[in-house]
Amino acid sequence: MGITGRIRAFFSGLFKKKEHPLYATCAFCGERVYLPFHCEYCNKYFCDTHRLPFNHDCTNIDAWKHRPAAPARNRR
Ligand SMILES: [Zn+2]
Ligand SMILES: [Zn+2]
């Protein structure tokens, strides 16, 4: 990937973050949460309790289980 691809990835990452709503309803328990967690595997929002795929019965949990070991920069 050249520099153009990297810049594009950087900006798409920015815009992706911007799309997150300030408030959302947890797709699992229905609780209204401030700054919800987004599950990239099923593309839904969850509260702090249900943010992990195995906590919200993720429809794409297989992909989560087989995900590559992520570097520790994936924090909020
Ligand atoms: Zn919840
Ligand atoms: Zn999920």
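Nothing here was measured: the structure is a model prediction, and the numbers come from that model. (Residues numbered from 1 in each chain as written. Chains lettered and ligands numbered in written order. Predicted model: local features only at pLDDT ≥ 70, side-chain atom pairs only at ≥ 80, totals over all residues.)

Peer 1: Explain the overall build of the protein chain here, please?
Peer 2: The number of helices and strands found in the protein chain is two helices and four strands. Counting from the amino terminus, helix and strand elements in the protein chain follow one another as α-β-β-β-β-α. Counting the 76 residues in the protein chain, one finds 13% classified as buried. Here the analysis covers contacts within the protein chain between residues at least 6 apart in sequence; of these, 5% occur between residues at least 24 apart. (Helix = DSSP H or I, 4+ residues; strand = E, 2+ residues; numbered from the N terminus. Buried ≥ 20, exposed ≤ 12 C-beta atoms within 10 Å, placed from the backbone. Contact = placed C-beta atoms within 7 Å.)

Peer 1: What exactly am I supposed to notice about the confidence of the model for the protein chain here?
Peer 2: Per-residue confidence for the protein chain gives a mean pLDDT of 86, with 82% of residues at or over 70. Element-level mean pLDDT values for the protein chain span from 72 in helix α1 (residues 3-18) up to 97 in strand β4 (residues 44-46). (pLDDT = per-residue confidence, 0-100.)

Peer 1: What is the right way to look at unusual backbone geometry in this model?
Peer 2: Here the phi dihedral of N43 falls at roughly 60°; this positive angle occurs in a residue that is not glycine. The backbone phi angle of D57 is positive, close to 55°, even though this residue is not glycine. Structurally, D57 is set in the loop between β4 and α2 (61-65). Classification of D57 by C-beta neighbours within 10 Å gives exposed; the count is 11.

Peer 1: How should the nonpolar core be read in this particular structure?
Peer 2: A general tendency of soluble globular proteins is for nonpolar side chains to be buried together. Core analysis: the biggest nonpolar cluster contains six residues, these being C26, C39, Y45, F46, C47 and C58. If we skip the residues at most four places from it in the chain, Y45 touches A24, C26, A27, P36, F37 and H38. (Core = buried A, V, L, I, M, F, W, Y, C linked by C-beta atoms within 7 Å.)

Peer 1: What am I meant to see in the environment of A24 here?
Peer 2: Relative to the helices and strands, A24 is located in strand β1 (residues 23-25). Each C-alpha atom, one on A24 and one on P36, is 6.0 Å from the other, the two residues being 12 residues apart in sequence. Apart from residues no more than four positions distant in its own chain, A24 is found in contact with V33, P36 and Y45.

Peer 1: How do you make sense of the environment of A63 when you look at a structure like this?
Peer 2: Looking at the element boundaries, A63 is found in helix α2. Between the C-alpha atom of A63 and that of P53, which follows or precedes it by 10 residues, the distance is 9.8 Å.

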